[in-house]
Amino acid sequence: MSILNTDKTLPANKLIFEVRRDAAKRERFRSDLEALMREYGLSEEEKRALREVDIRRLAELGMHPYFLRR
Amino acid sequence: MAEIVSVIALAHAPGATGWLDKAPKHEQDELLAGYGRMGKALRAAQPDVIVGVANDHLLNFPMESVPDWCVGTAARWRGPAEWFRDWVNVPPYEVAGNRDLARHIVRESGKRGFNLAFSDALEFDDNWSVPLKFLTPQYDVALVPIHMNCVVPPLPAPERCHVFGQVLADVVRAWPERLRVAIMATGGLSHDPGGDRYFDVDEKFDRWFLELLGTGDAGRVLREATIERMIAAGDGGTVELLAWLVAMGAAGRRAARTDFYVPSVALRCGMGGVNWNAV
């Protein structure tokens, strides 16, 4: 897990960035995750990893380490 | 002509305000004394404005568009960001900006090869909330915040950071009115937020880095304090020291003196601060 592995084009990075900044999206992250992931265009593998909080896999896919905590 | 009255760099890790009581008593005492000394010296220099440089913790810039540096041009700032308020445990505060100086920095740096972003709407987290709480707790010194990219590759190289610091000092001095300006980098030292070394502090690296800055040999600092070495000492956190290299550039040929260093596992960060104010 390193910042150097970050894929800044990964849709899941955009999703978490906006969830952190926006309380309404944070609520949807809890209550309506599937629709939210569809809207941001996550791949099936990203969706699975995020759904299952598979931190290792998310890191491999290029999620930024800052988004893998809390 | 503006005058640069102080150049400093210091850690901003949120444990300092968020969970200081979890640290051993001697660490708390040393940290508070260190920040206290730095605050006293800064206020004694009587700056009208602090130009700050610090990592943006992926709070303000979507990954589509991460600038190396973004100058805050608002006339007034509020912190901490809602997302971060509980964690950093700093009550809401307001501090003046300096819109004219910020715009001047953007314009004039542009003529010197630095295409700086600018924004009236930066959100603050620990990057400013922690240092201001200790250094200017009355929030009575204006702040021009410069958020920088220390964590989304590609990162600005150490040499680039150093040159930016030199340019920043030059354009600040070229400000036509009388103004006392402090340059303040925040971030570091070794820490790895959320990463493999989260509960570890690389004291050896930190002491090496502080000693290196103390040589005043910028060329050697830039050769030896590489991004790779910073990352090895704590991924995603230690690289905030790139902001310190901006301050080193702004300081010119002076050597840094260490004000304090507290390797605090409880705060999950090598906490420390330096100044380049010795003549």
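Residues numbered from 1 in each chain as written. Chains lettered and ligands numbered in written order. Predicted model: local features only at pLDDT ≥ 70, side-chain atom pairs only at ≥ 80, totals over all residues. Heavy atoms only, no water.

## Some points on the overall build of chain B
Scanning chain B from terminus to terminus reveals ten helices and ten strands. Rg of the C-alpha trace for chain B: 17 Å, near the compact-globule value of 19 Å for 279 residues, within the 12% margin. Going through the 279 residues of chain B one by one, you find that 63% of them count as buried. Across chain B, every contact between residues at least 6 apart in sequence was considered, and the portion connecting residues at least 24 apart equals 81%. A total accessible area of about 10,700 Å² is found for chain B, and carbon and sulfur atoms account for 49% of it. Taking the 28 positively charged and 35 negatively charged side chains of chain B as two groups, their mean positions are separated by 7 Å. (Helix = DSSP H or I, 4+ residues; strand = E, 2+ residues; numbered from the N terminus. Rg over C-alpha atoms; globule rule 2.2 N^0.38 Å. Buried < 20%, exposed > 50% of the residue type's maximum accessible area, 1.4 Å probe, protein only. Contact = heavy atoms within 4.5 Å. Areas by Shrake-Rupley, 256 points an atom, 1.4 Å probe, with all protein chains shown as cover. Lys, Arg positive; Asp, Glu negative; His and termini not counted. Charge placed at Lys NZ, Arg CZ, Asp CG, Glu CD.)

## As for the side chain of Ser129 of chain B
Residues and elements named next belong to chain B. Considering the arrangement of structural elements, one finds Ser129 in helix H5 (residues 126-135). The class of Ser129 is buried, set by a relative accessible area of 0%. At a separation of 2.7 Å, a polar atom in the side chain of Ser129 contacts the side chain of Tyr93. Of note is the side chain of Ser129, whose polar atom sits 2.7 Å from the backbone oxygen of Asp125. Beyond its immediate stretch of four places on either side in the chain, Ser129 contacts Pro80, Val88, Val90, Tyr93 and Phe124. (Polar contact = N/O pair within 3.5 Å; in protein donor to acceptor, adjacent residues only side chain to side chain.)

## Notes on helix H10 (residues 242-251) of chain B
All names here are of chain B. Burial analysis of H10 places ten of its ten residues in the buried class, the great majority of the element. Within H10, the full set of buried residues consists of Leu242, Ala243, Trp244, Leu245, Val246, Ala247, Met248, Gly249, Ala250 and Ala251. Looking one or two places after H10, you find Gly252, whose phi comes out positive at around 80°.

## Things to note about the pattern of salt bridges
All names here are of chain B. If you walk through the whole model with that rule in mind, you get 27 salt bridges over all chains. For Arg197, the salt bridge is made with Asp202, and the minimal N-O distance between the two is 3.3 Å. Under the relative-accessibility criterion, Asp202 is labelled buried at 16%. (Salt bridge = Lys/Arg side-chain N within 4 Å of Asp/Glu carboxyl O.)

## Side note on the packing of aromatic side chains
Residues and elements named next belong to chain B. A full pass over the atoms with the stated rule returns 14 aromatic pairs over all chains. On the numbers, 4.3 Å between centres and 10° between planes, the contact of Tyr35 with Phe134 is stacked. Linking Tyr35 in helix H2 (residues 25-44) with Phe134 in helix H5, this pair joins segments that are 99 residues apart in sequence. Among the aromatic side chains, those forming a connected cluster through ring pairs are Phe205, Trp208, Phe209 and Trp244. (Phe/Tyr/Trp six-rings, centres within 6.5 Å; stacked < 30°, edge-to-face > 60°.)

## Quick notes on the side chain of Glu27 of chain B
Residues and elements named next belong to chain B. Along the chain, Glu27 falls in helix H2. Although Glu27 is buried, it makes no salt bridge; Arg207 carries the closest opposite charge, 9.9 Å away. Other than its neighbours up to four places away in sequence, Glu27 contacts Val262, Pro263, Ser264 and Ala266.

## Let's talk about unusual backbone geometry
With an omega of -15°, the peptide bond running from Gly79 of chain B to Pro80 of chain B counts as cis. The topology assignment puts Pro80 of chain B in the loop between strand S4 (76-79) and helix H3 (85-88). Cis rather than trans, the peptide bond between Gly188 of chain B and Leu189 of chain B has omega equal to -10°. Among the secondary structure elements, Leu189 of chain B is positioned in the loop between strand S8 (179-186) and helix H7 (203-214). The phi angle at Val53 of chain A is positive, at roughly 50°, despite the residue not being glycine. Tracing the backbone shows Val53 of chain A in the loop between helix H4 (44-51) and helix H5 (55-61). Even without a glycine there, the phi angle at Gln46 of chain B is positive, about 50°.

## Comments concerning the packing of H7 of chain B against H10 of chain B
All names here are of chain B. In the contact formed by H7 and H10, the axes pass within 12 Å of each other and the chain directions differ by 15°. By the criterion of interaxial angle, the relationship of H7 to H10 is roughly parallel. When you trace H7 past H10, the crossing you get is right-handed. On H10, the residues touching Phe209, Leu210 and Leu213 of H7 are Trp244, Leu245 and Met248. When the residues that make up the contact of H7 with H10 are grouped by side-chain class, the tally is six nonpolar, no polar and no charged. (Axes fitted to C-alpha atoms, helices over the stretch in contact; angles between N-to-C directions. Parallel < 35°, antiparallel > 145°, perpendicular 65-115°, else oblique. Left-handed = near helix turned anticlockwise from the far one by under 90°. Nonpolar A, V, L, I, M, F, W, Y, C, P; charged D, E, K, R; others polar.)

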